[in-house]
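Descriptive structure summary
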Amino acid sequence: MAKQVVPESDRRRRRPTKQGAVLSERLIVETALRMLREHGAGGLTARRLGAALGADPSTLYRYFTGMDDLTLAIGEELIGRALSGWTATGDWRPDLRELGLRIHRAYLAHPHAAVLTASRVSGRPRELEADEAILRVLRTAGFPDPAAVRIYHAFIDQSLAFAALDAAALALPAAARASDEDMWESTYAHLPADTHPHIAATAPLLAARMKDSAYPAALDMLLDSAGLQLAAATG
């Protein structure tokens, strides 16, 4: 049975941990992000997190119901970092483009955390703030509600899907990642035209492009499509 989470005001330690810090949700999440960056998802356990914080692992359950609850809090932190400094200008297309790129960058800054959290829905305040902002931008621009919801759905899923995909590549061991990237020049670039004519014809372009994320291009395609829908709805 899940343990009851103690309210923040009641659960703060009166004494610092062995590391000299006072525990808080934010400190735990930041330490978990550091552990994920250094050791990957397999290195994040309550025991190891407690040791890194200088606290008994059981203390973590005064802040989170379990490791899955902590995972949701980590995702909430990444969304919060994406939103930090972003303000809608009233021009829907650049506003959404900037927000999408911010989400992508925030997740790629923590690849292991991105893979762990991109598919989750937490219902926490900053997640709700992001969803409200996207829908507000679309509805204020004049998109009818069915179109606004359809575009919101495509926008947020595209942002998180590319974040997870690109983060998974970054989370690979360096040798594996280098091998994957080299494949475009070591294999694709040398395929004969008689068996793979279209790859052979575009091999230099593939080698130049495929090492980079397709997210900016995909985002522009989505926003171009949305613009056409808005013109049709308001024209």
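Residues numbered from 1 in each chain as written. Predicted model: local features only at pLDDT ≥ 70, side-chain atom pairs only at ≥ 80, totals over all residues. Heavy atoms only, no water.

Time to look at the UniProt feature "DNA-binding region" (unreviewed entry) in the protein. Per the UniProt record, "DNA-binding region" (unreviewed entry) is found at residues 45-64. What you have in residues 45-64 is 40% helix and 0% strand, and the ends, taken at the C-alpha atoms, are 13 Å apart. (UniProt positions renumbered as here; feature names shortened; annotations may be inferred. Helix = DSSP H or I, 4+ residues; strand = E, 2+ residues; numbered from the N terminus.)

Moving on, we get to the nonpolar core. For soluble globular proteins, nonpolar side chains are generally found buried alongside one another. Ranked by internal contacts, the top residues of the largest apolar core, which has 56 residues, are Ile 28, Leu 49, Ile 74, Tyr 107 and Phe 143. Of all the secondary structure elements, the ones that give two or more residues to this core are α2 (25-39), α3 (46-53), α4 (67-83), α5 (92-108), α6 (111-117), α7 (125-141), α8 (145-170) and α11 (215-234). Here this core takes 10 residues from α8, the largest share from any one element. (Core = buried A, V, L, I, M, F, W, Y, C linked by side-chain atoms within 4.5 Å. Buried < 20%, exposed > 50% of the residue type's maximum accessible area, 1.4 Å probe, protein only.)

Another point: the packing of α4 against α5. Taken N-terminus to C-terminus, the directions of α4 and α5 make an angle of 135°; their axes are 8 Å apart at the nearest point. The angle between α4 and α5 places the two elements in the oblique class. Here α4 runs over α5; the crossing is right-handed. The segment α4 lies against α5, with Gly 75, Leu 78, Ile 79, Arg 81, Ala 82 and Leu 83 engaging Leu 99, Arg 102, Ile 103, Ala 106 and Tyr 107. Residues that form the contact of α4 with α5 fall into these classes: eight nonpolar, one polar and two charged. (Axes fitted to C-alpha atoms, helices over the stretch in contact; angles between N-to-C directions. Parallel < 35°, antiparallel > 145°, perpendicular 65-115°, else oblique. Left-handed = near helix turned anticlockwise from the far one by under 90°. Contact = heavy atoms within 4.5 Å. Nonpolar A, V, L, I, M, F, W, Y, C, P; charged D, E, K, R; others polar.)

Below, the discussion takes up the pattern of salt bridges. Opposite charge on two side chains lets them pair, provided their charged atoms get close. All chains considered together, the criterion is met by 14 salt bridges. The salt bridge partner of Glu 30 is Arg 26, with a shortest N-O separation of 3.1 Å. With a gap of four residues between them, Glu 30 and Arg 26 both fall in helix α2, about one helical turn apart. On the accessibility criterion, Arg 26 (46% relative accessible area) is partly exposed. Linking Glu 185 and Lys 211 is a salt bridge whose minimum nitrogen-to-oxygen distance equals 3.4 Å. Of the two residues, Glu 185 sits in helix α9 (residues 174-186) while Lys 211 sits in the loop between α10 (197-209) and α11, which places them 26 residues apart along the sequence. With relative accessibility at 39%, the residue Glu 185 sits in the partly exposed group. Here the salt bridges do not stand alone but share partners, grouping Arg 26, Glu 30, Glu 76, Glu 77, Arg 81 and Arg 126 into one network. (Salt bridge = Lys/Arg side-chain N within 4 Å of Asp/Glu carboxyl O.)

This brings us to the UniProt feature "domain: HTH tetR-type" (unreviewed entry) in the protein. UniProt annotation of "domain: HTH tetR-type" (unreviewed entry) refers to residues 22-82 when read in the numbering used here. A distance of 26 Å separates the end C-alpha atoms of residues 22-82, which is 64% helix and 0% strand.

A separate point is the environment of Ser 186. Structurally, the position occupied by Ser 186 is in helix α9. We classify Ser 186 as partly exposed; its relative accessible area is 36%.

A word on the packing of α2 against α4. Two numbers describe a pair of packed helices, the interaxial angle and the distance between the axes. In contact at an axis separation of 10 Å, α2 and α4 are set at 90° when each is read in the N-to-C sense. What the angle tells us is that α2 and α4 run roughly perpendicular. Here Arg 26, Ile 28, Val 29, Glu 30, Ala 32, Leu 33 and Leu 36 of α2 come into contact with α4, specifically with Leu 70, Ala 73, Ile 74, Glu 77, Leu 78 and Arg 81.

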